[in-house]
Amino acid sequence: MSPENSAEAHITIVDYGIGNVGSIANMLKRIGVPCSFARTREEIMSATSLILPGVGAFDRGMENLAERGFIGPLTEKVQGEKVPILGLCLGMQLFVESSEEGSLPGLGWINGRCVRFRPTEASPIKVPHMGWNRLNIVKEHPLVADLGDDQRFYFVHGYHVADLADEDQVALVNHGGPVPAVVGRDNVMGVQFHPEKSHRYGAKLLRNFAQFAGVALR
């Protein structure tokens, strides 16, 4: 259930040294969504909704969260208080249990793992998966509401989540077969693409998240 709308509610972007937080903040401000950065445990604990961005390797992401002491506060907010969180690209991958890219455990908020794209003779896909793609929406969800028939989003990733429960998969993208592109379990949501680079389509999705989180647009 989404929280009640509040004039004080805003989106808190977790800055853990691995993600283009400035670009995300610029997009949110451009579409009238108030936001701030969390660079301390206390700023995470005061958040009413969260975005976890990420660019790069799985283990580096988990190491950076651990070094800053963010894993405990994030888990308390997300699993204890049920505040809405949106993971972007690597941020979404960190939600699952493990990754072939490294040896560290993930946050484990969604059952699954990350695997590398593997080109085959029958499917000689390019790795990393990079460029604009349409979503195949397989489940109604507030995050993907009213995106329009021409929606498309910008992807760049060499690994993807796998072994997800059907009920956690919201949208797929085709790259050598169906790949989870949007996941959702209660207050935990993630996208494999970069909404901050996806123009009006990404703007709409971020507005949808803000609305779910009870954030009033300015």
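Look up: the structure comes first, before these words.
Definitions and limits used
- Residues numbered from 1 in each chain as written.
- Predicted model: local features only at pLDDT ≥ 70, side-chain atom pairs only at ≥ 80, totals over all residues.
- Heavy atoms only, no water.
- 1 Å grid on protein atoms, 1.4 Å probe; cavity = no way out; pocket = protein on both sides within 12 Å on 5 of 7 lines; lining within 4 Å.
- Points joined across faces, edges and corners; volume = space filled by probe spheres on them.
- Nonpolar A, V, L, I, M, F, W, Y, C, P; charged D, E, K, R; others polar.
- Helix = DSSP H or I, 4+ residues; strand = E, 2+ residues; numbered from the N terminus.
- Buried < 20%, exposed > 50% of the residue type's maximum accessible area, 1.4 Å probe, protein only.
- Phe/Tyr/Trp six-rings, centres within 6.5 Å; stacked < 30°, edge-to-face > 60°.
- Arc of directions from axis to C-beta.
- Contact = heavy atoms within 4.5 Å.
- Salt bridge = Lys/Arg side-chain N within 4 Å of Asp/Glu carboxyl O.

### Some points on empty space enclosed by the protein
Over the atoms rolls a probe the size of a water molecule, and in doing so it shows where empty space is left. In the structure shown here, the tally under the stated rule is 1 cavity of 30 Å³ or more. Here the largest cavity defines a volume of roughly 30 Å³. Lining the largest cavity we find Met92, Phe95, Val96, Ile110, Val161, Leu164 and Val183. When its residues are assigned to classes, the lining of the largest cavity shows 7 nonpolar, no polar and no charged.

### Description of unusual backbone geometry
In this structure, Pro128 follows Val127 across a cis peptide bond, with omega equal to 5°. For Pro128, the location among the structural elements is in the loop between strand S6 (113–116) and strand S7 (129–133). Of note, Asp146 is a non-glycine position whose phi angle comes to about 55°, a positive value. Structurally, Asp146 is set in the loop between strand S8 (136–137) and strand S9 (153–157). Relative accessible area serves as the criterion here: at 69%, Asp146 is assigned to the exposed category.

### A few points about the packing of aromatic side chains
Evaluation of the coordinates by the stated rule reveals 5 aromatic pairs. A centroid spacing of 5.9 Å and a plane angle of 65° characterise the contact between Trp132 and Tyr154, whose relative ring orientation is edge-to-face. With a gap of 22 residues between them, Trp132 in strand S7 and Tyr154 in strand S9 connect regions that are remote in the sequence. According to the relative accessible area criterion, Trp132 is partly exposed, its value standing at 37%. For the ring pair Phe155 and Phe193, a centre distance of 5.4 Å and an interplane angle of 70° mean the geometry is edge-to-face. Of the two residues, Phe155 sits in strand S9 while Phe193 sits in the loop between strand S13 (188–191) and helix H6 (199–212), which places them 38 residues apart along the sequence. Phe193 gets classed as buried once you look at its relative accessible area, which sits at 0%. Members of the aromatic cluster, connected to one another through ring pairs, are Phe153, Phe155, Phe193 and Tyr201.

### Focus: the environment of Phe212
When you line up the elements, Phe212 lands in helix H6. Residues Phe212 and Ser98, spaced 114 residues apart in sequence, show a C-alpha to C-alpha distance of 28 Å.

### Some points on the layout of surface pockets
Of the pockets and cavities examined, the largest pocket occupies roughly 200 Å³. If you go around the largest pocket, you meet 13 residues; those closest to its centre are Gly56, Cys89, Val156, His157 and Gly158. Within the residue set of the lining of the largest pocket, elements represented by two or more residues are helix H5 (90–93) and S9. When its residues are assigned to classes, the lining of the largest pocket shows 5 nonpolar, 6 polar and 2 charged.

### Regarding helix H4 (residues 71–80)
Looking at H4, one finds that the buried residues are Pro73, Leu74, Lys77 and Val78. Across the axial projection of H4, the buried residues extend over an arc of 115°, all falling on one side. Where H4 is buried, its residues contact strand S1 (11–14), helix H2 (41–45), strand S3 (50–52), helix H3 (58–67), strand S4 (85–88) and S13. Two residues or fewer after H4 comes Lys82, characterised by a positive phi angle close to 60°.

### Digging into the pattern of salt bridges
Counted by the stated rule, this structure contains 7 salt bridges. Here Asp15 and Arg39 are joined by a salt bridge, their closest N and O atoms 2.7 Å apart. Here Asp15 is found in the loop between S1 and helix H1 (21–30), whereas its partner Arg39 is found in the loop between strand S2 (35–38) and H2, with 24 residues between them in sequence. We note a salt bridge from Glu81 to Lys77, for which the minimum N-O separation is 2.8 Å. Lys77 sits in the buried class, given a relative accessible area of 3%.

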